[in-house]
Amino acid sequence: MITMTGMWMYIWLAAGFVFLIKGADFFVDGSSSIAKFFNIPRVIIGLTIVAMGTSAPETAVSISAALKGANEIAVSNVVGSNFFNLLAAVGICAIIKPVKITGSILKRDFPCSVISTLLLLLFLAAGYIFTGSPSLTVSAGIIMLIVFVSYMIMLVRSALAEIPLGKKVQEEDIKSRPLPISIILIITGLAGVIAGGDLVVDSASAIASRFGMSDTLIGLTIVAIGTSLPELVTSIAAAGKGEADMALGNVIGSNIFNILFVLGLSSAVHSITVNFDAVKDTALLILANLVVFAIVLKNKNYIKRNYGILMVLLYIIYTLYIILRNYNMIPF
């Protein structure tokens, strides 16, 4: 039995994040290699397998939390990750280099991100109205998964339509490996994210209990930031290579994936009931999306450095708000 006391809580939390991130890497490498073996276009690999891999930590944590009854972590992990991705990760990238927003992100993906967050808010609110507690039912989870599949079909069709007829899809960055090795990587990766998810949920709950932190607070902060590391690293690496325009695309895609797939699958597996703070946080996430959307429109499809600093400051203000709320130092 794993000990969750003293220093072991932090050791297992760190180990859980390592398992999550490396497990996701192995899963992506193995799955991408198999997809390439069967001549699946790189653009589809990127939109499906790679997207699934970067969101694998959130998926593992939320499903594990839902199954263990740690419902606050299941939802706050996703909402907190989306806050961090949108404000902190993109803000940091804009500080490194101004982020240019492409037309497809502005017209298709950003509105889809707002709509998916609004859908989450509506389901939570419906649960509150009909049962007295914000909740995501099994049927709500199934609907979210159907919306997710519809979005992915639209995304793949759009991407394939942009490839000129007869042009070979570029296949760089995807390593070819023997099929048995690829299968081993997938199995090892899945085992890693499952084990990591269990460790993160158990250790985070232990830490929250020790310091009088709610599961909601630890899910919105420590767990959310830890599971968002793949998106952060990917976005900063893109900005460092002068490809800052990829940063927002990665984040928006991941945020849609987190809500529709991660929470959809988690609640489809086991219904999730949370406290009213989840409704407030989801509403604030919608507001954050609209603020960033307004920044992009105001600056003619750019997020400049000064706005990047503002976005990071907004994330810090939100973090201070949820900490003060946790210890009842503010009335709302």
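All of these numbers come straight from a predicted model, not from anything done at the bench.

A. The arrangement of the overall build of the chain in detail. A tally of regular secondary structure across the chain gives 12 helices and 4 strands. A compact globule built from 332 residues should have a C-alpha radius of gyration of about 20 Å, and the chain, at 19 Å, falls within 12% of that. Nonlocal contacts in the chain, meaning residues at least 24 apart in sequence, comprise 84% of its contacts between residues at least 6 apart. As displayed, the chain offers around 15000 Å² of accessible surface, 72% of which is attributable to carbon and sulfur atoms. Both charge centroids of the chain, one from 21 positive and one from 17 negative side chains, sit 9 Å from each other.

B. Inspection of the side chain of Asn255 at higher detail. Here Asn255 lies in helix 10 (residues 245–269). Sequence-distant contacts of Asn255, that is, excluding residues within four places in its chain, are made with Ser81, Asn82, Asn85, Leu86 and Ser113.

C. Broad picture of the environment of Asp281. Mapped onto the elements, Asp281 comes out in helix 11 (residues 277–298). On the accessibility criterion, Asp281 (2% relative accessible area) is buried. C-alpha of Asp281 to C-alpha of Phe83: the two residues are 198 residues apart in sequence and 9.4 Å apart in space. Every residue in contact with Asp281, bar those within four places of it in the chain, is listed here: Val79, Phe83, Thr216, Leu220, Tyr318, Ile322 and Arg325.

D. How the structure looks around the packing of aromatic side chains. For the coordinates displayed, the defined rule picks out 10 aromatic pairs. With a centroid separation of 5.1 Å and 55° between ring planes, the pair formed by Phe110 and Phe293 is classed as tilted. Linking Phe110 in helix 5 (residues 103–131) with Phe293 in helix 11, this pair joins segments that are 183 residues apart in sequence. Taking relative accessible area as the criterion, Phe110 reaches 0% and is therefore assigned buried. Between Tyr128 and Phe276 the ring centres are 5.1 Å apart and the planes differ by 55°, which places this aromatic pair in the tilted class. With Tyr128 in helix 5 and Phe276 in the loop between strand 3 (272–273) and helix 11, the pair connects residues that are 148 residues apart, well separated along the chain. By relative accessible area, which is 41% here, Tyr128 ends up partly exposed.

E. Summary view of helix 12 (residues 305–326). The first and last C-alpha atoms of helix 12 sit 32 Å apart over 22 residues, in line with the 32 Å expected at 1.5 Å per residue. Every buried residue of helix 12 is accounted for by Tyr307, Gly308, Met311, Tyr315, Tyr318, Thr319, Tyr321, Ile322, Arg325 and Asn326. Seen end-on, helix 12 carries its buried residues on one side only, within an arc spanning 160°. Structurally, helix 12 contributes buried residues whose contacts are with helix 4 (71–96), helix 8 (215–227), helix 11 and strand 4 (302–303). Downstream of helix 12 by a residue or two, Asn328 has a phi angle that is positive, lying close to 55°.

F. Spotlight on the packing of helix 5 against helix 6 (residues 138–161). At a closest axis distance of 11 Å, the pairing of helix 5 and helix 6 adopts a crossing angle of 175°. Classified by the interaxial angle, the pair formed by helix 5 and helix 6 is roughly antiparallel. Of the residues in helix 6, those in contact with Arg108, Asp109, Cys112, Leu119, Leu120 and Phe123 of helix 5 are Ala140, Ile143, Met144, Val147, Tyr151, Met154, Leu155 and Ser158. Taken together, the residues that form the contact of helix 5 with helix 6 break down as 11 nonpolar, 1 polar and 2 charged.

G. Here's a closer look at the pattern of salt bridges. Counting across every chain of the model gives 7 salt bridges. Across the pair Asp109 and Arg108 runs a salt bridge, and its minimum N-O distance is 2.9 Å. Accessibility classification places Asp109 together with Arg108 in one group, the buried group. Ionic contacts of the salt-bridge type, sharing partners, join the residues Asp277, Lys280, Asp281 and Arg325 into one network.

H. Up close: the packing of helix 7 (residues 179–210) against helix 8. The contact between helix 7 and helix 8 brings their axes to 10 Å, and the two run at 120°. Taken together, the axis directions place helix 7 and helix 8 in an arrangement best described as oblique. Considering how the two elements wind past one another, helix 7 and helix 8 form a crossing that is right-handed. Between helix 7 and helix 8, the residues in contact are Val200, Ala204, Ser205, Ile207 and Ala208 and Asp215, Ile218 and Val223, respectively. For the contact of helix 7 with helix 8, the residue count by class is 6 nonpolar, 1 polar and 1 charged.

What counts and what doesn't
- Residues numbered from 1 in each chain as written.
- Predicted model: local features only at pLDDT ≥ 70, side-chain atom pairs only at ≥ 80, totals over all residues.
- Heavy atoms only, no water.
- Helix = DSSP H or I, 4+ residues; strand = E, 2+ residues; numbered from the N terminus.
- Rg over C-alpha atoms; globule rule 2.2 N^0.38 Å.
- Contact = heavy atoms within 4.5 Å.
- Areas by Shrake-Rupley, 256 points an atom, 1.4 Å probe, with all protein chains shown as cover.
- Lys, Arg positive; Asp, Glu negative; His and termini not counted.
- Charge placed at Lys NZ, Arg CZ, Asp CG, Glu CD.
- Buried < 20%, exposed > 50% of the residue type's maximum accessible area, 1.4 Å probe, protein only.
- Phe/Tyr/Trp six-rings, centres within 6.5 Å; stacked < 30°, edge-to-face > 60°.
- Expected span 1.5 Å × (residues − 1).
- Arc of directions from axis to C-beta.
- Axes fitted to C-alpha atoms, helices over the stretch in contact; angles between N-to-C directions.
- Parallel < 35°, antiparallel > 145°, perpendicular 65-115°, else oblique.
- Nonpolar A, V, L, I, M, F, W, Y, C, P; charged D, E, K, R; others polar.
- Salt bridge = Lys/Arg side-chain N within 4 Å of Asp/Glu carboxyl O.
- Left-handed = near helix turned anticlockwise from the far one by under 90°.

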